[in-house]
Amino acid sequence: ISEFKTDYGSLDKLTHLVKTGSIIHSFYNTIYGGSVGGKEGVSIAIVAGMILLQMLYMTSTHSVSPAHPFYDNDTTPEIIQAISVAHQAIARNCRLMIDLVITPVSGPGQYTLLYECAAMAVMAAASGTCGLIGPRSNAGIHPGHCSGLEARFTAEVAHAAAGISRENANEIVSKLVSKYQPIIDKRPIGKPFQEVYDLMTLKPTQ
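Cut-offs applied
Residues numbered from 1 in each chain as written. Predicted model: local features only at pLDDT ≥ 70, side-chain atom pairs only at ≥ 80, totals over all residues. Heavy atoms only, no water. Helix = DSSP H or I, 4+ residues; strand = E, 2+ residues; numbered from the N terminus. Rg over C-alpha atoms; globule rule 2.2 N^0.38 Å. Buried < 20%, exposed > 50% of the residue type's maximum accessible area, 1.4 Å probe, protein only. Contact = heavy atoms within 4.5 Å. Areas by Shrake-Rupley, 256 points an atom, 1.4 Å probe, with all protein chains shown as cover. Lys, Arg positive; Asp, Glu negative; His and termini not counted. Charge placed at Lys NZ, Arg CZ, Asp CG, Glu CD. Pairing = 2+ DSSP bridges. Axes fitted to C-alpha atoms, helices over the stretch in contact; angles between N-to-C directions. Core = buried A, V, L, I, M, F, W, Y, C linked by side-chain atoms within 4.5 Å. Phe/Tyr/Trp six-rings, centres within 6.5 Å; stacked < 30°, edge-to-face > 60°.

A. Focus on the overall build of the chain. Across its full length, the chain carries 7 helices and 6 strands. Listing every helix and strand of the chain by position from the N terminus yields α-β-α-β-α-β-α-β-α-α-α-β-β. Here the chain has a C-alpha radius of gyration of 17 Å; the compact-globule value for 206 residues is 17 Å, and the two agree. Principal-axis analysis of the C-alpha atoms places the extent of the chain at approximately 50 × 40 × 30 Å. Per-residue burial over the chain gives 42% buried out of 206 residues. The long-range share in the chain, meaning contacts at least 24 apart out of those at least 6 apart in sequence, stands at 77%. In the structure as shown, the chain presents an accessible area of about 11000 Å², 59% of it carried by carbon and sulfur atoms. Side-chain charges in the chain split into 15 positive and 16 negative, and the spacing between the mean points of these groups amounts to 4 Å.

B. Representation of the sheet that holds strand β1 (residues 25-28) in the model. In space, the 4 strands of this open sheet follow the order β1-β2-β3-β4, with parallel pairing throughout. Only two strands of the sheet have a single neighbouring strand rather than two, namely β1 and β4 (131-133). Averaged over all neighbouring strand pairs, the angle between strand axes comes to 30°, with direction disregarded. The pairing of β1 with strand β2 (residues 61-64) spans 4 bridges and is classified as parallel. If you follow Phe27 over to β2, its bridge partner there is Ser63.

C. Summary view of unusual backbone geometry. Cis geometry is adopted by the peptide bond preceding Pro135, which originates at Gly134 and carries an omega value of 5°. Within the fold, Pro135 resides in the loop between β4 and α5 (148-160). With phi around 65°, Phe4 is a residue other than glycine that occupies positive phi space. Along the chain, Phe4 turns up in the segment before α1 (8-19).

D. Layout of the nonpolar core. Among the nonpolar cores identified, the biggest contains 41 residues, and Met50 and Ile83 are the most heavily contacted of them. When contributions to this core are tallied by element, the ones reaching two or more residues are α2 (39-57), α3 (77-93), β3 (98-101), α4 (111-126), α5 and α6 (166-180). Per-element tally for this core: the top contributor is α4, with 8 residues. With sequence-adjacent residues up to four places away left out, Met50 is seen in contact with Tyr28, His62, Ser63, Val64, Ile90, Leu96 and Ile98.

E. Main features of the packing of aromatic side chains. Enumeration over the complete set of coordinates arrives at 3 aromatic pairs. Pairing Phe70 with Tyr71 gives two aromatic rings, centres 6.4 Å apart and planes at 70°, and the pair type is edge-to-face.

Next comes the structure, spelled out in structure tokens:
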């Protein structure tokens, strides 16, 4: 759901899921700069959205991925700050299982893709996030523009950052953001899977 809305179609699906004993996973993806405003509003909306989803949809786990209105990503500095504060608030005050969907603008074969993924992984590790999903390279809008390399890289960074202090995480994330922020509006598409992986061995190319 987005911006605290639901509809009969979603509630119909919920009824089916409950009757079949399914595990229910939710996504709360508010729009940065939309009806909830800037980073402060997005942060509050994430917390409120998770609570409402838990109450209304009886969810087991929750995902967060606020979207930038122009770039479709969640790796801008303001959105990172909003997610960080929201996840810390949830982790400190309740026991919801929350994860982060990483949505960078860069595509495979771009150094900036790895910088975006690393920034999100370090932030999540320091903010009480339970898990990571993705990354959805190129904001998930170009078919075939994703690979296992950035997913593995993200996981390794997150494991390495486990237990990091918020102060140290902030320093690292700030440096990483400075490396990719200048290219966000350029949205470097990178290369499709078949050009960054050997299709016979399914290993990354040089």
